[in-house]
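# Working through the structure, step by step
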Amino acid sequence: MSSRAPAAPKKLLTGLIGAPIAHSASPAMHERAAEALGLRGHYQLIEVAGADATGLRMMLEGVRRLGFAGVNVTFPYKEAVVPLLDALAPGAAAMGAVNTVVVKDGRLIGHNTDTTGFARAVSPLLAPSGNAVAVIGAGGVGKAIAFALADRKVSDIRIFDSEPARAERLASLLNTTGARVVTSVESALDGATGLVNGTPVGMLPNRNTPVPPALLRADLWVADAVYSPLITPLLAAAQEKGARVMTGRELAIYQAADAFELFTGLAPSTEVMGEAFDAVMAARSAAYQAA
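Described below are features of the structure shown in this document. (Residues numbered from 1 in each chain as written. Predicted model: local features only at pLDDT ≥ 70, side-chain atom pairs only at ≥ 80, totals over all residues. Heavy atoms only, no water.)

## A word on the overall build of the protein chain
Looking only at helices and strands, one finds 10 helices and 12 strands in the protein chain. For a compact globule of 291 residues, the expected C-alpha radius of gyration is about 19 Å, and the protein chain comes in at 19 Å, within 12% of that figure. Seen through its C-alpha atoms, the protein chain measures out along the principal axes to roughly 70 × 45 × 40 Å. Among the 291 residues that make up the protein chain, the fraction classed as buried is 51%. Considering only contacts within the protein chain whose residues lie at least 6 apart along the sequence, 68% involve residues at least 24 apart. Here the protein chain displays about 13,300 Å² of accessible surface, and carbon together with sulfur accounts for 55% of that area. One way to put it: in the protein chain the 25 positive side-chain charges average out to a point 5 Å from where the 25 negative ones average out. (Helix = DSSP H or I, 4+ residues; strand = E, 2+ residues; numbered from the N terminus. Rg over C-alpha atoms; globule rule 2.2 N^0.38 Å. Buried < 20%, exposed > 50% of the residue type's maximum accessible area, 1.4 Å probe, protein only. Contact = heavy atoms within 4.5 Å. Areas by Shrake-Rupley, 256 points an atom, 1.4 Å probe, with all protein chains shown as cover. Lys, Arg positive; Asp, Glu negative; His and termini not counted. Charge placed at Lys NZ, Arg CZ, Asp CG, Glu CD.)

What follows is the structure in structure tokens.
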């Protein structure tokens, strides 16, 4: 009979770079997914506001040297990290935005699982044909959403951003004749079948909405990339109009699952990740009500 002690679970170190990120459900999702696969996972929040290229380079160098399998990247650094990486996966290179950095053989490789995650999440909302979707925001997550819609063969993608030049850049990157820039939210929604908020507007503590409620309709589906709170002011207004809504839950879970698989080579349980996400949201809601 062997007296050898059982091997300790393999360690997995991952994390998130961005600001503000104290609200993130990513630590719970990734750590529970790791535990379910027999790994000892730690997901570190790396919150640094206002980092310039030098600061980002220092953080990424730490990721390279300190044993990280990789990190996620969120607002406001999804585009800023791109020139600081050693290589980009084709999808990330095409859009110029990264939300997942994998450390492989000492090299930092950029990927975008916001795109793959949103493509999975939005599929049930899309009709077989004739989809016309308004995308509000052309930054890092807005880019991923637009690319996901193009991947799902949406024939009419209307892009609005408060910085028109940014919307123009995104439209030029999309390899489809169906993408166009619009000059107002009103024109984006004219005849649209769907609407996606790809901006941080509505994320706590912000309580604004990127779309005036008067423009929402019952025959429109409305999705929000924000998940803190789960029902954003935009989604609450859409529900009041009788519109179908999709919270940021599905995007959060699917992008995390795809990132976890890139970090580890293992497919995590989206059910386990969803349970972890829901527990974080329930705890946050209870704390908010008690305050």
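The structure having been displayed, the exposition proceeds.
## A look at helix H1 (residues 26-36)
For H1, the full list of buried residues reads Ser26, Pro27, Met29, His30, Ala33 and Ala34. Of the residues one or two after H1, Gly38 is the one with positive phi, at around 80 degrees.

So yeah, pure geometry; function would need other evidence.
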